[in-house]
Each structure stands twice: as structure tokens, then as C-alpha cells.
Amino acid sequence: MTIEPETLMAYADGALDPIAAKRVERAIAEDPRLGEDVARHRALAARLRGGLAPAATVPDAIARRLADAGKVTPLRRPERAPMRRWARNWAGGGAVAASLLVGAMVGQMLPRDTGAIALDDGRAVVRGDIARALDTQLASTQPADAPVRVGLTFRDAGGALCRTFERQAVAGIACAARDGWGVARLYGGAAQERSEFRQAASAQAAMMADVDAMAKGDPMDAAAERKALAELRSDRD
Amino acid sequence: MPGSSSFTDELLTLIPRLRRFAHALARDGADADDLLQASVERALVRQDQWQPGTRLDSWMYRIMRNLWIDTARATRRRSETFVPPDAGEEVGAMGEQEASVELHHVMRAMQTLPAEQREAVALVVVEGFAYKEAAEILDVPIGTLTSRLVRGREALMTRLGEAA
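About the cut-offs
- Residues numbered from 1 in each chain as written.
- Chains lettered and ligands numbered in written order.
- Predicted model: local features only at pLDDT ≥ 70, side-chain atom pairs only at ≥ 80, totals over all residues.
- Heavy atoms only, no water.
- Salt bridge = Lys/Arg side-chain N within 4 Å of Asp/Glu carboxyl O.
- Helix = DSSP H or I, 4+ residues; strand = E, 2+ residues; numbered from the N terminus.
- Buried < 20%, exposed > 50% of the residue type's maximum accessible area, 1.4 Å probe, protein only.
- Disulfide = S-S within 2.5 Å.
- pLDDT = per-residue confidence, 0-100.
- Contact = heavy atoms within 4.5 Å.
- Core = buried A, V, L, I, M, F, W, Y, C linked by side-chain atoms within 4.5 Å.
- Pairing = 2+ DSSP bridges.

Trainee: Outline the pattern of salt bridges, supporting the account with residue identities and numerical values.
Mentor: Taken as a whole and judged by the stated rule, the model has 18 salt bridges over all chains. Between Arg40(A) and Asp37(A) there is a salt bridge whose closest N-O contact spans 3.6 Å. Of this pair, Arg40(A) and Asp37(A) both sit in helix H3 (residues 32–52), three residues apart, which is roughly one turn of that helix. Taking relative accessible area as the criterion, Arg40(A) reaches 25% and is therefore assigned partly exposed. Put simply, Asp210(A) and Arg185(A) hold a salt bridge, and the shortest N to O gap is 3.6 Å. Of this pair, Asp210(A) sits in helix H9 (residues 196–214) while Arg185(A) is found in strand E6 (residues 180–187), placing the two residues 25 residues apart along the sequence. In this structure Asp210(A) comes out as buried when scored by relative accessible area, which is 2%. Linked by salt bridges that have partners in common, Arg17(B), Arg55(B), Asp57(B) and Glu133(B) make up one network.

Okay, here's the thing in C-alpha cells:
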């Protein structure tokens, strides 16, 4: 009886049905070399698995890279570190969905009909009505039906002035650069037509978590916000 | 519970396995971690394309494998001009030294396989997918998978020595 190498390998892997396995076992009983081949297959498998076992981890460096970089989310932060009090209040105390965001995919996440966010030399920047709102609109005095709503104003670890904004199903965090507002985070996107409500809610939770991570100190109050915007305008003039 | 939350939770639990698969495929640890990161990013962007109720692990392995093929194609041209340092001289940077050296040996041995044998071995032998599942991830007939698997394993036995 001849046993194909494929069949012998499948036997070694426990991938044969009982009848086929029985046939291989009878062949092994007749020819011990087949048994040795099975043992070699199993030894190799054990060695490969053992050798690669140290790779089956989530190293800190990777977790950090996933969390920072403006690319992907703080996957675990919402469960681990409760948000600061201000953020909980602002978000209405709702459960925080694990947030996720991919800054690199800015283009895909935008509604097609807006020119509000553009790529400038590979960097996403805010344009149009969102940029105007970020330049001028105070969170404390904006009308309830403002097309662009500004949420929080804060300074990031590098001291840049950053503000959160929302317009329809798109929300984001923009930070002031020399010549305008760079997009630090953007939320919204593909899910919005299916479930705009849920998307908006989870985007807000994600945004709060990210503000919490980015902000150095608490967000500004109305007076500080007014002062920061005035300084920004005089810097740019 | 919102879908996105269970998606990311489930994805997170897969990361150790995905990282091991990346190490089985990639040239070195740094490439493997780049591959891991790129795969997670792509999965997050495309999470709407995943159908809840289907296996997230198979979907993720497919994403990683496709990315790996793309980058392998791009780096092959570079590696034709630059000979990589003899890895036997290098000691890997992670964890216990012995474990790290063995990881390195295994990665080196995997590297000697043609791509399609390497991914077959990685999915079945290392990751423990059934032949049928691995064939589906790779989108090949099961007979193709088993013949790649046999050839890849025979080459590895020679390479790593029978004593294992």
C-alpha cells in the first residue's frame, strides 16, 4: 500500500478522517519509516511553533505605536483610564465606545460634497467654513444651529492651540499651524449613511478620549478661549 | 453594544496571533511589526467590510497576507541589490536571548521558502488552521495548499535538521 506524502503529513497533523487515518496506521505498522516521517513532521511543527512563540505578544512599543502616531486609536484607553471629569460631563456621561480612527485615511472619511478638508503637501488641513469657525467662533457664544460647532479648545503637549469641531456627520480635532489648521484627528465616515445617530455618538466618545490623551491640562474656559483666539489672530497678522 | 466596540475588542485579542503570523512571513522583526501595524490600520479602516458573524481571524489573516504580498513584491527589488547582513551574527532584540535566537533561526529558515509555501506553513503549522480554512484564506484549492505544505515542510526539515 502506498501512502502519498500529503496523506502522511495530513495524518501527522490530525487532519484525516477516521477511515483514512486507520489506513495510514496500517501502513505505518508495515513500514516503520513512515512512522519516522510522521514523527519528523510533528517535531518540525513543534519546533516552528516553539520558535515563533515569543512573537505572540503585544509589545509595548507596538501598543504605543498603535495608540499614537495619529494613525490608530487608543484601543484600550477607554476601559483602562476613566476620562477626566470635564470630559465625562461634556460627553454626557454616556458609555465610551472603544474609539478608533485612522488619520491616514482622511480622504476616505470625508463626505464627497465638501471641500472643507484638503491635502496640502501630504498634510490634511482644514479649509472653508470649518477653518473660519475655528478662527473666530467661540464655543461659549455660538448659536445652537451653527453649521459648524466648535467644542473644546485646549493646548496639546507641544503647546499648539487645538480645537474640536463638528459639522454634520464629520467631527475632528484641528491644531493651529503657522498658516492654518492642521487636522489632528477626524471622525465620521463610511458608517454615517447607515446609522448617522450612532456614528455621531461614538465619534463624540472617540473624540473625547483623544482630547483627553492630547491635551496638556484641562480645556480652556470661555475667557481663556477668547484670549487664545485673539493671540492666534495677532500671530498670523 | 455598538458593533465598533466589539470589533476592536475582538481585534485586540487577535493581535498576539497576528504578530506571530507576521513573524512567520516577514524578513525580520522590524518588518513583522510594520506588517502588524499596517494590517491593524487597514482592518480599522475597513471594518465595515467585515460581516459580523463571520470569522474575524480569517478576515484579518487575509488582510495581513495580502499586505505582505504587496510589500514583499516591493522589497524584493531592493533585496536584490542589498544583501542582508548574515542573520547568524545578529542577536534579536526581544526577550530572553535563547528564545530570541531560536526565533531568529526559525524566521531565517522560513525565509528560504518560496512565498506560497511559507504562508501555507505559517497558517497550518504555526497558526493551527485546518487545511480547508487555510485554503480559503489563501483562496486556493485544498490540493494546492497541501502540496505547498508538503514541499515547504520538507525543505524546512532539511534546513533545520531532523533532530529539531
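After that view, the rundown keeps rolling.
Trainee: Help me get a handle on unusual backbone geometry, residues and values and all.
Mentor: Phi at Asp139(B) is positive, roughly 60°, even though this residue is not glycine. Structurally, Asp139(B) is set in the loop between helix H6 (131–138) and helix H7 (142–160).

Trainee: Lay out the state of the cysteines with the relevant residues and their values.
Mentor: Residues and elements named next belong to chain A. Going through the model one piece at a time under the given rule, you end up with one disulfide over all chains. Here Cys162 engages in a disulfide with Cys175; their sulfurs sit 2.0 Å apart. Taking the torsion about the S-S bond as the criterion, the Cys162 to Cys175 disulfide, at about 105°, is right-handed. Of this pair, Cys162 sits in strand E4 (residues 161–167) while Cys175 sits in strand E5 (residues 170–177); the two residues are 13 residues apart in sequence, bridging distant segments of the chain. Taking relative accessible area as the criterion, Cys162 reaches 0% and is therefore assigned buried.

Trainee: Any chance you could break down the confidence of the model for chain B for me, citing the residues and the numbers?
Mentor: Residue and element names in this part refer to chain B. Model confidence for chain B is summarised by a mean pLDDT of 82, while 80% of its residues fall at 70 or above. Taking the mean pLDDT of every element in chain B, the minimum, 80, falls on helix H3 (residues 56–81) and the maximum, 96, on helix H5 (residues 115–126). Predicted confidence for residues 80–95 stays below pLDDT 50, and this span has 16 contacts to residues more than four positions away or in other chains. Quick note on the complex model: pTM equals 0.54, ipTM equals 0.84.

Trainee: Could you give an account of the nonpolar core, with specific residues and numbers?
Mentor: Ranked by internal contacts, the top residues of the largest apolar core, which has 59 residues, are Leu48(A), Leu11(B), Met60(B), Met110(B) and Leu145(B). Ranked by residue count, the leading element in this core is helix H1 (residues 3–25) of chain B, at ten residues. In this structure Leu145(B) touches Ala120(B), Val124(B), Tyr131(B), Ala134(B), Ala135(B), Leu138(B) and Val140(B), once residues within four positions along its chain are discounted. Of all hydrophobic cores here, the second largest spans 22 residues; its members include Ile117(A), Ala133(A), Leu134(A) and Leu186(A).

Trainee: Any details on the pairing of E5(A)? Residues and values, ideally.
Mentor: All names here are of chain A. Counting buried residues along E5, seven of its eight residues qualify, which places the element largely inside the surrounding structure. With six bridges connecting them, E4 and E5 associate as antiparallel partners. Each residue of the ladder has a partner; that of Thr164, found in E5, is Ile173. As defined by bridge partners, E5 adjoins E6 across seven bridges and the pair is classed as antiparallel. Of the residues in E6, the one forming a bridge with Ala177 is Gly180. The loop that links E5 with its antiparallel partner E6 comprises two residues.

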